[in-house]
Number of protein chains: 2
Amino acid sequence: MRDVSIIAVGQTKVDEHWDKSLRHLAADAILAALREANPGRIDALYVGNMISGEAAGQEHLGALIADFVGLRGVEAVKVEAACGSGAAAVRMGYIAVASGLVDFVIAMGVEKMTDAPGDVITAALALAADGDYETNQGLTFVSINALLMRRYMYEFGVRHEDFAGFAVNAHKNAMGNPNAMFPYPVTAEQFAQARMIADPINLLDSSPIGDGAAAVVLCPSDLARRFTDKPVRIMASTVATDSVALHDRRDPLSLQAASLSAQKAYFIAGIGPQDIDLFEAHDAFTIMAALELEACGFAERGRGTWLAKEGEIALEGRIPISTMGGLKGRGHPVGATGVYQIVEIVQQLRGEAGPNQIKNCRIGMTQNIGGSGATVVTHILERH
Amino acid sequence: MRDVSIIAVGQTKVDEHWDKSLRHLAADAILAALREANPGRIDALYVGNMISGEAAGQEHLGALIADFVGLRGVEAVKVEAACGSGAAAVRMGYIAVASGLVDFVIAMGVEKMTDAPGDVITAALALAADGDYETNQGLTFVSINALLMRRYMYEFGVRHEDFAGFAVNAHKNAMGNPNAMFPYPVTAEQFAQARMIADPINLLDSSPIGDGAAAVVLCPSDLARRFTDKPVRIMASTVATDSVALHDRRDPLSLQAASLSAQKAYFIAGIGPQDIDLFEAHDAFTIMAALELEACGFAERGRGTWLAKEGEIALEGRIPISTMGGLKGRGHPVGATGVYQIVEIVQQLRGEAGPNQIKNCRIGMTQNIGGSGATVVTHILERH
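Now for a description of the structure that goes with this document. Note that the structure is predicted; figures quoted are calculated from it, not measured.

Criteria and cut-off values
- Residues numbered from 1 in each chain as written.
- Chains lettered and ligands numbered in written order.
- Predicted model: local features only at pLDDT ≥ 70, side-chain atom pairs only at ≥ 80, totals over all residues.
- Heavy atoms only, no water.
- Contact = heavy atoms within 4.5 Å.
- Salt bridge = Lys/Arg side-chain N within 4 Å of Asp/Glu carboxyl O.
- Helix = DSSP H or I, 4+ residues; strand = E, 2+ residues; numbered from the N terminus.
- Nonpolar A, V, L, I, M, F, W, Y, C, P; charged D, E, K, R; others polar.
- Pairing = 2+ DSSP bridges.
- Buried < 20%, exposed > 50% of the residue type's maximum accessible area, 1.4 Å probe, protein only.
- Least-squares fit on C-alpha atoms with pLDDT ≥ 70 in both.

Interfaces are often sized by the accessible area lost when the parts come together. In this complex, chain A contributes 58 residues to the contact, which on the side of chain B involves 58 residues. In this structure, the connection of chain A to chain B is made through eight salt bridges. Residue Arg91 of chain A pairs with Glu75 of chain B through a salt bridge whose shortest N-O separation is 2.8 Å. Of all the elements, helix 4 (residues 85-99) of chain A adds the most residues to the side of chain A that touches chain B, at eight residues. Here the side of chain A that touches chain B is built from residues that sort into 30 nonpolar, 14 polar and 14 charged. In the sheet, strand 3 (residues 75-80) of chain A pairs with strand 3 (residues 75-80) of chain B via three bridges, with the strands oriented antiparallel. Residue pairing for strand 3 of chain B: Glu80 of chain A is matched across the bridge by Lys78 of chain B.

Structure representation (structure tokens):
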């Protein structure tokens, strides 16, 4: 088993890209990565995507994108794990390079969401939930998260306003990210007054849909310095699962898969949460950020919102999260999000995060969540 | 890099399973495989599926199926490569075990197609084609294959009746397979008189849609004999791609990805087409069977139909194909098909193919095709 490093990253701005098709977005991200470092040969392409069939009228993205970027012939498939698809594609690329079967891999995520009507997207996103036991009862993906948030507030005596810090932090950080969809500030007052979506989740609890693509180039660590002087090593890459349906979990407020995935990653990397310099969290909703911080050992149970209230998640805090805007501020093109997270950690570890740069960071972690915690993909990366 | 073997297989009958949901079908196949050989621990699950979002109202199959079969927690994702999804999932499982990251993997394919209306399925299957340049012009997946078949007939002076042998052989073999959807014979006369679907493709040129699931359990070859006395080794596992759109290929009658995938597999296995004892072909349409036989080196260009006419594809012929009925006779639950092919080769190599047993077979090959040849996954398996 070989050590694997990231030698290049690329991304598009997350936006309403009405002038670009899915394949153009994908190509923009891939070609941007290959402009950073091009090993001259690519052996395989793994595409993370969740809803291209429903939202963009296209499946079979592996071959489609490989051909469009000039890689006709190479091994190429799509990987799907709901909103965790992006990081799952990177995990596949990691396994492939680690195996020794291939040397140079592009792992990328792409999603084109804004061409389809809102009701189509709402229905497509609900495919991440349990079709027989949740969606068929009328639950949307937002309302499932609303159930979680309501329960959390009840169980731990937390008020809605306690979640404001997540949105405020994400938007603040988005202002320093040229690829963010919402690069403007929001205040705690605006958060409190935002339009209700699915009680208690309001507009500023929720990340926006968007079009976007992000890509990384992977190769064996011992070859990485041939192509870049700033390689980033994948210390750990893990996937864990839980029941898709919320009601099937013994304790819905404990994200078991997030916990398991993080624990496995810490074990493989030989470190603990205290060694993580920054964390790209899956803040699709503020409640997810809180639950995830708890599952990964950054906060005690029921105390996730305190990290936000006390400024610990800020760039200069103890555990900075959403350092480039997170899902909330950068935007959440579902199947691409997990790759954006990894791209952003690479930018930070290289010292290329501009005004959002975390000082002296060496180890970063990402966690990409599919559904309401049913598939969780964790990556720990280090500068080397 | 470790050698990988198949220690167990399971499948459901391909049928209209109106009494079973997608997850039940998947579980039936997985549990059947685990009844054959259960290593007591499963580290990862790879699910091949193409259109569950459109046809079954469900994505996120990795976590969903893992949980339902009692594997909550394990790494699990869905792999999609159009009609090549099933074998692509096995390829992922192969890579994962070969890498040394995991030991025991279930790779499976499932598709539930008969609950949705026909027009929904027709549109969903067309997602395998190029959405911007083919489907948007009104082409369905059948009509794309009809263009190929018409061109083939024109170019090589082949008549429609020359394709009859593929359908006759597949149906004949399906009669010996208890899991086949169409276990009854068809004659060349019936083939000639069958209802036209998309000229020149008629009903008996076409494989049927169906519901079904198939699964294999993989582990390192050096552990295989702990769990079974009939392990089957994966000699080669390859994926190659081509343009998704037919018009983008220099020569549409030469399936480049099929050829490339087969050549890579022969090279890795250290053998040639003359060493293959049986071949599970992707006979979604009779034209595909002919083109594939040519691409893999079993027939010369333009001569694929001759193998059928001369009986060489029969069980006792030079290169038996569709030995358990193929896509035409067993049925074609798209995302599951590639796994069915591998399960059937395993049955043959173990000597468990009943009345369809190929005598003294040692090496078998499968080829699973996504789209009109844009993704092609080849596996070569041997008894060991």
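Overall, the coordinates contain 56 salt bridges over all chains when judged by the stated rule. Of the charged contacts in the structure, one is a salt bridge between Arg72 of chain B and Asp67 of chain B, with a shortest N-O distance of 2.7 Å. The exposure class assigned to Asp67 of chain B is buried, which follows from its relative accessible area of 19%. Several salt bridges share partner residues, and in doing so they unite Arg2, Arg41, Asp43 and Asp103 of chain A into one network.

This part takes up the relation of the copies chain A and chain B. Once chain A is rotated about the relating axis by 180° and shifted along it by 0.0 Å, it coincides with chain B to within an RMSD of 0.0 Å. Expressed as an axis order, the relation between the two copies is that of a two-fold axis. If distances are taken from each C-alpha of chain A to the rotation axis, the shortest is found for Ser99 of chain A, at 1.8 Å. Most of the interface of chain A is mirrored in chain B, where 100% of its interface residues are also at the interface.

Another aspect to go through is the environment of Ala56 of chain B. Residue and element names in this part refer to chain B. Examined against the element boundaries, Ala56 turns out to sit in helix 2 (residues 52-56). Between the alpha carbons of Ala56 and Asp115 there is a distance of 7.4 Å; along the sequence they are 59 residues apart. Setting aside residues no more than four positions away along its own chain, Ala56 makes contact with Leu22, Ile51 and Lys112.

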